[in-house]
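Chains, contacts and geometry: an overview
One-letter residues, chain by chain:
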Amino acid sequence: MENWQDKLKAAGFKATSKRQEILSFLQGENRYLSPLEVYQYLQKNHPGLSYDTVYRNLREFEEAHLLEVTDFAGEKRYRINCGGHQHHHHFICTQCGRTIPLKMCPMDVFQEQLPGCVISGHRFEIYGLCENCLKQNEKH
Ligand SMILES: [Zn+2]
Ligand SMILES: [Zn+2]
Ligand SMILES: [Zn+2]
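Residues numbered from 1 in each chain as written. Chains lettered and ligands numbered in written order. Predicted model: local features only at pLDDT ≥ 70, side-chain atom pairs only at ≥ 80, totals over all residues. Heavy atoms only, no water.

So, the pairing of strand β1 (residues 67-72)
When a strand is regular, its side chains alternate between the sheet's two faces. Note the cut-off: The rule is simple: take the accessible area with a 1.4 Å probe, protein chains only, and divide by the maximum for that residue type; under 20% is buried, over 50% is exposed, in between is partly exposed. Secondary structure is summarised from DSSP: a helix means a run of H or I of at least four residues, a strand means a run of E of at least two, and numbering begins at the N terminus for each. Two strands are said to pair when DSSP picks up at least two bridges between them.
Counted residue by residue, β1 has five buried out of six residues, so it is predominantly covered. Pairing between β1 and strand β2 (residues 75-80): six bridges, direction antiparallel. Residue pairing across strands places Asp71 opposite Lys76, the latter belonging to β2.

Following this line, the structure appears as C-alpha cells:
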C-alpha cells in the first residue's frame, strides 16, 4: 500500500483525504481513467464535490509527476505514474484503458533523420486491444 500522505507532502501538497482518495483510487485501477470517472467515484463519498476541483487536482498531480496523462477518444485521461521519473512509454488498450509500460524509447531512430535539430520532447504511444479485451470480444 502506497503512503500517499507522505508522497503528497513531498510533492508540496496538503495531504487532504480527497487528494489521497483520488490517488489510491487511480492506484487501484492501474489504468487510464477520464476525469469524469474519477469524479463519479469520489462523488459517492463527497456529494458536494465539484468536477472542477477533481479536474484541477488531476492536473496538479500530473505536474508533480504523480500521474501520467494521455489523450484518447478526444479526452484527457490520467493514470498513476507507473515509472517514476524514469522515461517510458505505454501500450494503451482503447477498450478498458489498461496500460502496459514499454521500456524501449524509439527516439534515437528519429534523431538520425533530423540532423542539426534539437528535440525537446516527444510523445509516443501504442494503441490497441489488450489480451483480456480480445478474449472478451470473442465471446460475444
Ligand atoms: Zn507509465
Ligand atoms: Zn483491454
Ligand atoms: Zn521516449
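Remarks on unusual backbone geometry
Working note: non-glycine residues mostly have negative phi, and peptide bonds are mostly trans. Residue Asn30 is not a glycine yet carries a positive backbone phi of 55 degrees. Using a relative accessible area of 41% as the deciding quantity, one classes Asn30 as partly exposed. In this structure, His65 is a non-glycine residue whose phi angle is positive, near 65 degrees. Mapped onto the elements, His65 comes out in the loop between α4 (51-63) and β1.

Re the sheet that holds strand β3 (residues 89-93)
What counts here: Every angle, taken between N-to-C directions, lies between 0 and 180 degrees, and every axis is a line fitted to C-alpha atoms, over only the stretch in contact when it is a helix.
With mixed pairing, the three strands of this open sheet are ordered in space as β4-β3-β5. The sheet is open, and its two edges are formed by β4 (99-102) and β5 (125-128), each paired on a single side. Neighbouring strand axes in the sheet, compared pairwise and without regard to direction, differ in orientation by 20 degrees on average. Examined bridge by bridge, β3 and β4 share four bridges and lie antiparallel to one another. Note that in β4 the partner of Phe91 across the bridge is Ile100.

Some details on the coordination of the zinc ion (ligand 2)
This is how it is decided: Note that water is not among the atoms used; donors are N, O and S atoms within 2.8 Å of the metal (3.2 Å for Na, K and Ca), so sites may look incomplete.
Of the protein atoms, only Cys93 (SG), Cys96 (SG), Cys130 (SG) and Cys133 (SG) coordinate the zinc ion (ligand 2), at distances of 2.2 to 2.4 Å. For Cys93, a relative accessible area of 0% gives the class buried.

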